[in-house]
Amino acid sequence: APSPDDDGAQEQIMWSRFSAGQAQYYAYLECYCAPNFGNQIQNEPEFCQDYVTNQNRLTALSLGSVLIVIGINKLLEEVLKLLAGYEKPNTISAWEKGIASRIFVAQWINTGILVTVVNADWEFYFPALKAFDVAFTGTFRDFSSDWFVAVGN
């Protein structure tokens, strides 16, 4: 990786954009623009613009995904309250117990099981799934230290 202090660092970073791919380009750009973020943006706003745009996009996606999960969980909570009323429980405690147990199971599936299923490499275990090129292509074949860092956190 080019050092931000090198004279030719910008040229090396721009070259990586077209030769090494977007991931490496953004990694180099982060090494160059992030340490002295305020100074780099003032001194070289055009060069670090891709970095700023990428950081804004990542922040928006993170916030959006959190809001979607919260929205789904709230909607699920209301639907489960409605369904608990159809059971005709004898006491308020029984009604609340029914709601609480269903919300627990639904949120456990939504935030725990679903994340594990999405990140699993199902094609490794079921080769017939290779026909679905986009789906079932998670990164992890088993629970490993990398899985715990990326998913199990």
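Since the structure is predicted, the reported quantities are computational estimates derived from the model, not experimental observations.

Visitor: Looking at this structure, how should I read helix α5 (residues 92-119)?
Guide: Owing to its 3.6 residues per turn, the α-helix aligns residues three or four sequence positions apart on the same side. For α5, with 28 residues, the first-to-last C-alpha span of 40 Å sits near the 40 Å given by 1.5 Å per residue. The largest bend in α5 amounts to roughly 35 degrees and is located at Ile109. Here the buried face of α5 lies against α4 (49-85).

Visitor: I tried to follow the nonpolar core on my own but got confused; where do I start?
Guide: In a soluble, globular protein the nonpolar side chains are often hidden away together inside. Counting residues in hydrophobic clusters, the biggest one holds 10 residues: Ala9, Ile13, Tyr25, Tyr28, Leu29, Tyr32, Cys33, Phe47, Cys48 and Tyr51. Mapped by element, the contributors of at least two residues to this core are α1 (9-19) and α2 (22-33). Looking at this core element by element, the count peaks at five residues for α2. Residues Leu80, Ile99, Ile103 and Ala106 belong to the second largest nonpolar core, which totals five residues.

Visitor: Please explain the packing of aromatic side chains as it appears in this structure.
Guide: One pair of aromatic rings is described through two measures. These are the centre distance and the angle between the planes. Taken as a whole, this structure holds two aromatic pairs when the rule is applied. Centroid distance Trp122 to Phe126: 6.2 Å. Interplanar angle 20 degrees. Geometry classified as stacked. Its relative accessible area of 47% is what places Phe126 among the partly exposed residues. Measuring from centroid to centroid gives 5.1 Å for Phe124 and Tyr125, while their planes differ by 85 degrees, and the two rings are edge-to-face. Residue Tyr125 is classed as partly exposed on the basis of its relative accessible area, which comes to 44%.

Visitor: Please clarify how the packing of α2 against α4 should be interpreted in this entry.
Guide: Packed helices, taken two at a time, are described by their axes: the angle between them and the distance between them. Two elements in contact, α2 and α4, have axes whose closest approach is 9 Å; the angle formed by their N-to-C orientations is 105 degrees. Between α2 and α4, the angle falls in the class roughly perpendicular. Touching Tyr25, Tyr26, Leu29, Glu30 and Cys33 of α2 are Asp50, Tyr51 and Asn54, all from α4. Considered class by class, the residues forming the contact of α2 with α4 number five nonpolar, one polar and two charged.

Visitor: Explain unusual backbone geometry to me, please; I cannot follow it from the model alone.
Guide: With the exception of glycine, most residues fall at negative phi, and the peptide bonds are largely trans. Phi is positive for Lys88, close to 55 degrees, though the residue is something other than glycine. One can find Lys88 in the loop between α4 and α5.

Rules of the game
- Numbering of residues begins from 1 in every chain and follows the order in which that chain's sequence is written.
- Per-residue local features are limited, in this predicted model, to residues with pLDDT of at least 70; the limit for side-chain atom pairs, both in listing and counting, is 80 or more; totals at the level of whole chains, interfaces and linings are taken over all residues.
- By convention in this description, side-chain values take in all heavy atoms of the structure and omit both hydrogens and water.
- Helix numbers and strand numbers start at the N terminus; a helix is a DSSP run of H or I with at least 4 residues, a strand a run of E with at least 2.
- What a helix should span is 1.5 Å times the count of its residues minus one.
- For a residue, the bend is simply the angle between two axes, fitted respectively to the seven-residue segment ending there and the seven-residue segment starting there.
- In what follows, residue pairs with any heavy atoms lying within 4.5 Å of each other are defined as contacts.
- Residues belong to one nonpolar core when they are buried, are Ala, Val, Leu, Ile, Met, Phe, Trp, Tyr or Cys, and are joined through side-chain atoms within 4.5 Å.
- The cut-offs for exposure are 20% and 50% of the maximum accessible area for each residue type, with area from a 1.4 Å probe on protein chains only; residues under the lower value are buried, those over the upper are exposed, and the others partly exposed.
- We call Phe, Tyr and Trp rings a pair once their centres come within 6.5 Å, taking the six-membered ring for Trp, and we label the pair stacked below 30 degrees between planes, edge-to-face above 60, and tilted otherwise.
- Helix axes use the C-alpha atoms of the stretch in contact, all axes being lines fitted to C-alpha atoms, and the angles between their N-to-C directions lie in the range 0 to 180 degrees.
- For classification, angles of less than 35 degrees are called roughly parallel, those exceeding 145 degrees roughly antiparallel, those between 65 and 115 degrees roughly perpendicular, and all remaining angles oblique.
- Under the scheme applied here, ten amino acids are nonpolar (Ala, Val, Leu, Ile, Met, Phe, Trp, Tyr, Cys and Pro), four are charged (Asp, Glu, Lys and Arg), and all others, including Gly, are polar.

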